[in-house]
Amino acid sequence: AVQYYDWTVAYTYASPDCVEKLVMAVNGEVPGPRIDATEGDTIVVNLTNHLPTEGVVIHWHGMHQVGTPYYDGTASVSQCTINSGETFTYSFIVDRAGTYFWHGHFGMQRTAGLYGSIIVQLPDSQKEPFDYDDEASVLLSDWWHKSIYEQQLGLDSIPFRFVGEPQSLLIEGRGKYNCALDPGSNGASPSCLPCNASNPECAYHVIPVEHGKTYRLRIASITSLSSLNFVLEGHNLTVVTIDGRYIEPVVVENLDIYSGQSYSVLFTADQDQSRNYWAGINVRGRVPNTTTGLAVLQYLPNSTDLQLPPSKPPGSPAWDDFDYSLAQARLYKVKPGYEKPVPQSAGRTLILLNTQNKINGHIKWAINNVSFVFPPTPFLAAFKLKLKNAFSPIAPPDLPPNKPDFNIFALPNPNDPSEINANFGSSPYVFKLGEIVDVIVQNANTLNPNNSEIHPWHLHGHDFWILGYGKGKFDPQNDPQSFNLADPPLRNTVAVFPYGWVAIRFVANNPGVWPFHCHIESHFYMGMGVIFAEGIHKLPSLPTETLGCGLTKPRH
Ligand SMILES: O=C1O[C@H]([C@@H](O)CO)C(O)=C1O
């Protein structure tokens, strides 16, 4: 079936966490409209930009865009941004059942609230390999009170001003800012609306259940910074899918979820039906400074206004218990027989070292000493139209600067230019069509002593197999021997843990240009990403509406 949507992007006032702010809404909603589709459907979105002075694009996260790389919705990569006042039509096939989302992919517009869910069901003729009575979904996000322009300026400034921890965590776009933290406000500050039921925007999101039934809960994270741990008080979760891919079911007490990822979990409403329970999210991996984000699991027919759960907000494992997170990540194995087997060897291996560097005094992230900058000409157009000057012809390095003794645990050595100096760059990695590519993402210390951070790496246009995670520095001789080539899970976003590495494998079989980047909004803005191009001789013709900027401007 073909589904048509008319969407208008505009600023609106909203109070996602009881504090009124300017948000970037679609058709006045934050989160924006949810797309409900069946595998194989074509989604057509007529997107009108009513932002007064800025461009916009929308990325369909987890959609593979086979044959339509120009509708991937990434500024500087797949298209020119849609100008204020213009309408642009996206049209793509939802190729896999699963839990996905859409979001802005220009500057930090996602952080302004430009996101929503995409839920794709199997056709009626097919059955999931697990049973449930009903389903619900929660989109998780983090929320700041400073505008994205103030945040971006801070990241670009000397001295550097980081965006800091979020003011609130949101479940389905609802949260409650701890108004007591607002200096002198006591909840009465003009910015802090009364956090009570009289303000419907401040109400908790509610997940209604009937006692005895089993539910499929779809959980997706679109956070800008925070790694989260999701807890459904009193209920274990059986994880059955990750990023739309089937895994061998595993039971967890609470679920780590990184920005860009989604899960389906099953739970049975088998607890005390005379009360309600909390669903909660807590920050992991960074010193938390944000209170638990909450929603209510309502046992029908209890009321939610009058019967908030009697318990404290649920806690999560210690924020810095990385062993816990690593162990949980290693639980996931593909469900045998349900996904394509992993190719047993790769034709090309990249080792991508993630470092924080200063360039001309500005703090940046760099990959093998290259900090990505967004060029004015989209890569797809540059390749298709052979615009030779759109980016540097010098390919970025497959391996970190050749320093066998590089210490990932230490601060950069101030006497070693290869550790201190990074450069701006925007040239892509180019793969042969069908090439099997391994990527090792290697984490390291930041510019702060004894600090390394979680980075969720997301690949456009593909899912990849996760071959393994390791601690410390990747050893190209020995570590590949421990790769899981039997039942590795497939997904589109994977976390690399502090001072560790992760190895992924994918087949470069989707003609197009696909970013591979840290899904933390500020980190990609600071250069933490690379561009993969493949099958460039097989690129489809580009719709003219995707052109018009940079070197694609008509010349007379
Ligand atoms: O990108 C970041 O910058 C700060 C800090 O590392 C600055 O050195 C931080 O916490 C990030 O995640």
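Residues numbered from 1 in each chain as written. Predicted model: local features only at pLDDT ≥ 70, side-chain atom pairs only at ≥ 80, totals over all residues. Heavy atoms only, no water.

A word on the UniProt feature "domain: Plastocyanin-like" (unreviewed entry) in the chain
Line of reasoning, step 1. In the numbering adopted here, UniProt assigns the feature "domain: Plastocyanin-like" (unreviewed entry) to residues 9-122, 137-300 and 421-535.
Line of reasoning, step 2. Helix and strand shares over residues 421-535 are 4% and 48% respectively, and the end C-alpha atoms of the span are 33 Å apart. (UniProt positions renumbered as here; feature names shortened; annotations may be inferred. Helix = DSSP H or I, 4+ residues; strand = E, 2+ residues; numbered from the N terminus.)

Overview of the sheet that holds strand 15 (residues 245-252)
Line of reasoning, step 1. With mixed pairing, the 6 strands of this open sheet are ordered in space as 10-9-12-17-14-15. Strand pairing shows two members of the sheet lacking a second neighbour, strand 10 (168-171) and strand 15, which therefore form its edges. Between one strand axis and the next, the sheet turns by 25° as a mean value, whatever way the strands run.
Line of reasoning, step 2. Relative to strand 17 (residues 262-268), strand 12 (residues 214-221) runs antiparallel, the two being bridged by 7 bridges. Among the inter-strand pairings, Thr214 is bridged to a residue of strand 17, identified as Thr268. (Pairing = 2+ DSSP bridges. Axes fitted to C-alpha atoms, helices over the stretch in contact; angles between N-to-C directions.)

Quick look at the site of the ligand
Line of reasoning, step 1. Neighbouring residues of the ligand: Phe160, Phe162, Arg286, Gln356, Trp365, Asn448, Glu453, His523 and Met526.
Line of reasoning, step 2. Contact distances for the ligand include 2.7 Å between an oxygen atom and a side-chain N or O atom of Arg286.
Line of reasoning, step 3. Between the ligand and His523, the relevant distance is 2.8 Å, taken from an oxygen atom to a side-chain nitrogen or oxygen of the residue.
Line of reasoning, step 4. Isolated, the ligand exposes 310 Å² of accessible area, and the fraction of that covered by the protein chains is 90%.
Line of reasoning, step 5. A class-by-class count of the residues in the shell around the ligand yields 4 nonpolar, 3 polar and 2 charged. (Near = heavy atom within 4 Å. Polar contact = N/O pair within 3.5 Å; in protein donor to acceptor, adjacent residues only side chain to side chain. Areas by Shrake-Rupley, 256 points an atom, 1.4 Å probe, with all protein chains shown as cover. Nonpolar A, V, L, I, M, F, W, Y, C, P; charged D, E, K, R; others polar.)

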